[in-house]
Amino acid sequence: MRITELFDKGEFVVTAEVGPPKGVEIDHLIKDAHEYLKTRVHALNVTDNQSSVMRTGSLATCKVLKDEGLLPIFQITCRDRNRIALQSDVLSAALLGIENLLLLTGDYTTLGDHPQAKPVFDLDSVSLTHAVKRLEEGFDLAGNEVDGTPPKFAKGAVVSPCSDSVDVQLAKMEAKVKAGTEYFQTQGVYEPEKFFSFMEKAKQFGVPVQLGVIIPKNVGMCRYMNANVAGVHVPDDMIEELKKDKERTKSGDVGVELCAKIIKECKDHCDGVHIMSLGWENRIPEILDLAGVAPVK
Amino acid sequence: MLITQLKSKETIESLAKGKTFIINCHGCKEVYFAEHEADTLQKELCEAKEVAQIVTTDYICNPDNLALQLKKHKDTIEACDTILVFSCGVGIQTVADMFTDKHVYSCCDTYPLPGFQGVTPLNVDCGQCGECYLNFTGGICPITACSKSLVNGQCGGAKNGMCEVDKDMECGWERIYRKLEKLDKLDTLKYEPKVRNYWNPNEEIEDKQ
């Protein structure tokens, strides 16, 4: 199933992110997905060598999850593959019955664990979206015909609502919509007011937007994100609240509550939520309960 | 060595909007410049368009030299809407940097050839990509000003206007956006998705020579 069908039906679409391991032991990921996510999210994003750190592939992990009865979203970045490999992987996804894509430019190579690697960026998020659309129309980027019935995907992309240059982000969002993006997942939001004003401007594009949230696990993580992660800013008062958690229980409960609060505040302004839990998949059901988001099935 | 090749006549004609000032650079001996073709085309432009003046000079990549060469044309340039530049990518960016409130357009695509690359100032660089994007990006090169050489807009990696790859480097796309905003030309960014052409054009150019 394509998740665009859910948006079309007016569902509040819930997705969560899982990262393949560095290695092929994937039982843990599958167990968590069944235990915590299966009844709570519509689909699972599978990251593509996230943060430029080499791991097991997104497409193979998507196939494993699909065989487990889950709905995967294949994340594809332009960092590691040229247009031949990218188009080939998109066709491979169709062959394996993977119908949901999230198309990204990708972090730069030097941010990861192989800083010596060649950064590719032959295409970018916009031209990759264009390439997928062309494949759906029956042609590759070079204009050659694709044999048989063309594939059909739900084509997603990302946008940063809390970026310090949100107008530049909106221009890129418009370019993505023009290229064929059918839904958006946002970068982690900690400032609902900024999200509301972003959504006011984004609604002109008529494309569904899922609020992105990153569970704020602890003070150190928030400070790190404020210093290093683009488009993410955790306000001081939120960091103060997290400090109390450290003194109190070290349970991470405050972070879970804060995350739920953001979803609750923003959910009437968007079409779904995308939770980046960074290993805390087990807290997702609790967050959704606190935020008043019902199980999906 | 570089080769600058003229963009198509239709493209150049479409760029000459309003009162137009033309700059030719015959600086580096290491750069092949299509002098005769440029001359013919500019004569035609003078008949069809409102060309205020044509200036042929050298080393416009050097900002001090450029300022000196254009000193006596200051008033003419001030009265113009558009500056067309026939030079390598570095020259065009230097002109665009000097006249931030004018529409500065590139009339050439710059290709690389092996060997000496000419005298290049440090503040701007030309990637010699052979499909000059400067006309879409306010005279700021997305190939050299963006770490990922993106041609369809900013990635999500800029923080406080700085690049994710080099925190001492301004985000090129942020600069492009602000420049076009200043020129009231943000609509320029509403182009169809661009896909770069990495097919080495050298062979064809060498064949032509």
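That block above? That's the structure.
Since we're looking at a predicted model, the values are computed, not measured.

**Q** Help me understand the overall build of chain A, please; the structure alone is not making it clear to me.
**A** Looking only at helices and strands, one finds 11 helices and eight strands in chain A. Relative to the 2.2 N^0.38 estimate, which gives 19 Å for 297 residues, the radius of gyration of chain A is 19 Å and therefore close to what a compact globule would have. Overall, chain A is about 60 × 45 × 45 Å in size when its C-alpha atoms are taken along their principal axes. By sequence separation, contacts in chain A at least 24 residues apart represent 78% of the contacts at least 6 residues apart. Total accessible area computed for chain A in this model is approximately 12,400 Å², and 51% of it derives from carbon and sulfur atoms.

**Q** What should I look at first to understand the sheet that holds strand S7 (residues 108-112) of chain B in this one?
**A** Sheet strands pair via backbone hydrogen bonds, and the direction of the pair is either parallel or antiparallel. Residue and element names in this part refer to chain B. Overall, mixed pairing links the three strands, which are arranged S3-S1-S7 in an open sheet. Every other strand in the sheet has two partners, leaving strand S3 (31-33) and S7 as the edge strands with one partner each. Sheet twist, expressed as the average angle between the axes of neighbouring strands with direction ignored, equals 20°. Inspection of the sheet shows strand S1 (residues 2-6) paired to S7 by five bridges, in the antiparallel sense. Note on S7: the bridge partner recorded for Thr 4 is Thr 110.

**Q** Even after reading the chapter, I still don't get the pattern of salt bridges, so can you show me in this structure?
**A** Think of it this way: side chains of opposite charge can pair up when their charged atoms draw near. This model, assessed by the stated rule, comprises 28 salt bridges over all chains. With a shortest N-O distance of 2.6 Å, Arg 81 of chain A and Asp 89 of chain A are connected by a salt bridge. Residue class for Arg 81 of chain A comes out buried when judged on its relative accessible area of 14%. Classification of Asp 89 of chain A by relative accessible area gives partly exposed; the value is 21%. Put simply, Asp 39 of chain B and Lys 43 of chain B hold a salt bridge, and the shortest N to O gap is 3.1 Å. Separated by four residues within a single helix, Asp 39 of chain B and Lys 43 of chain B lie in helix H2 (residues 35-48), roughly one turn from each other. Taking the relative accessible area as the measure of exposure, Asp 39 of chain B reaches 37% and is therefore partly exposed. A relative accessible area of 52% places Lys 43 of chain B in the exposed class. The network of salt bridges with shared partners includes Glu 136, Lys 152, Lys 155 and Glu 182 of chain A.

**Q** I keep staring at a negative patch on the surface and nothing clicks. Help me out?
**A** All names here are of chain A. A surface patch of like charges, here negative, comprises Asp 236, Asp 237, Glu 241 and Glu 257. When residues in the negative patch are grouped by element, the largest group, three residues, is from helix H9 (residues 236-248). For Glu 241, the position within the fold is in helix H9. A relative accessible area of 33% places Glu 241 in the partly exposed class.

**Q** Whenever I open this one, unusual backbone geometry confuses me. Can you help?
**A** In most cases, non-glycine residues show a negative phi, while peptide bonds are predominantly trans. All names here are of chain A. One non-glycine residue, Asn 49, adopts positive backbone phi at about 45°. With respect to the helices and strands, the residue Asn 49 is situated in the loop between strand S2 (43-46) and helix H3 (58-67). For Asn 49, a relative accessible area of 16% gives the class buried. Of note in the backbone geometry, Phe 121 takes a positive phi value of approximately 45° without being a glycine. Topologically, Phe 121 is positioned in the loop between strand S4 (100-104) and helix H5 (125-136). Residue class for Phe 121 comes out buried when judged on its relative accessible area of 5%.

**Q** Help me understand the sheet that holds strand S1 (residues 13-18) of chain A in this model?
**A** Residue and element names in this part refer to chain A. Strand order in the closed barrel formed by eight strands is S1-S2-S3-S4-S5-S6-S7-S8, and the pairing between neighbours is parallel. In this sheet, neighbouring strand axes are inclined to one another by 25° on average, regardless of whether the strands run parallel or antiparallel. Direction of pairing for S2 relative to strand S3 (residues 72-77): parallel, over a ladder of three bridges. When the sheet's bridge partners are listed, Asn 45 is paired in S3 with Ile 73. Sheet contacts for helix H10 (residues 253-266): strand S7 (209-214) and strand S8 (272-276); angle to S7, the most-contacted strand, approximately 165°.

**Q** Help me out: how do you make sense of the pairing of strand S6 (residues 103-106) of chain B in this one?
**A** Consecutive side chains of a regular strand alternate in pointing toward one face of the sheet and then the other. Residues and elements named next belong to chain B. The side-chain alternation of S6 yields two buried faces, one formed by His 103 and Tyr 105 and the other by Val 104 and Ser 106. One ladder, built from four bridges, connects strand S5 (residues 82-86) with S6; its direction is parallel. Each residue of the ladder has a partner; that of Val 85, found in S6, is Ser 106. With respect to chirality, the unit in which S5 leads through helix H5 (residues 89-98) into the neighbouring parallel S6 is right-handed.

**Q** Looking at this structure, I do not really get the interface of chain A and chain B. What am I missing?
**A** Interface size is commonly expressed as the accessible area that is lost once the parts come together. Of the residues lining the interface, 34 residues belong to chain A; the matching set on chain B comes to 30 residues. It is Tyr 108, Val 168 and Lys 178 of chain A that lose the most area in chain A upon contact with chain B, and together they represent 20% of the buried surface on that side. Applying the counting criterion to the chain A and chain B interface returns two salt bridges. Residues Lys 190 of chain B and Glu 174 of chain A are paired through a salt bridge, measuring 3.7 Å at the closest nitrogen-oxygen approach. At the junction of chain A with chain B, the criterion picks out 16 residue pairs in polar contact (both at pLDDT 80 or more).

**Q** I would appreciate a short explanation of the packing of H10 of chain A against helix H11 (residues 284-291) of chain A in the present structure.
**A** Describing two packed helices takes the angle between their axes plus the distance from one axis to the other. All names here are of chain A. The contact between H10 and H11 brings their axes to 8 Å, and the two run at 45°. In terms of their interaxial angle, H10 and H11 are classed as oblique. You can see that H10 and H11 cross each other, and the crossing is right-handed. Across the interface between the two elements, Val 256, Glu 257, Cys 259, Ala 260, Ile 263 and Lys 264 of H10 pack against Glu 286, Ile 287, Leu 290 and Ala 291 of H11.

Reading the values: the criteria
- Residues numbered from 1 in each chain as written.
- Chains lettered and ligands numbered in written order.
- Predicted model: local features only at pLDDT ≥ 70, side-chain atom pairs only at ≥ 80, totals over all residues.
- Heavy atoms only, no water.
- Helix = DSSP H or I, 4+ residues; strand = E, 2+ residues; numbered from the N terminus.
- Rg over C-alpha atoms; globule rule 2.2 N^0.38 Å.
- Contact = heavy atoms within 4.5 Å.
- Areas by Shrake-Rupley, 256 points an atom, 1.4 Å probe, with all protein chains shown as cover.
- Pairing = 2+ DSSP bridges.
- Axes fitted to C-alpha atoms, helices over the stretch in contact; angles between N-to-C directions.
- Salt bridge = Lys/Arg side-chain N within 4 Å of Asp/Glu carboxyl O.
- Buried < 20%, exposed > 50% of the residue type's maximum accessible area, 1.4 Å probe, protein only.
- Patch = residues over 30% accessible without salt bridge, like charges linked within 9 Å, V, L, I, M, F, W, Y side chains within 5 Å.
- Lys, Arg positive; Asp, Glu negative; His and termini not counted.
- Charge placed at Lys NZ, Arg CZ, Asp CG, Glu CD.
- Right-handed = clockwise from strand over helix to strand, strands pointing away.
- Buried area = accessible area lost by both parts, 1.4 Å probe.
- Polar contact = N/O pair within 3.5 Å; in protein donor to acceptor, adjacent residues only side chain to side chain.
- Parallel < 35°, antiparallel > 145°, perpendicular 65-115°, else oblique.
- Left-handed = near helix turned anticlockwise from the far one by under 90°.

Scope: geometric values only; no functional claims are made or implied.
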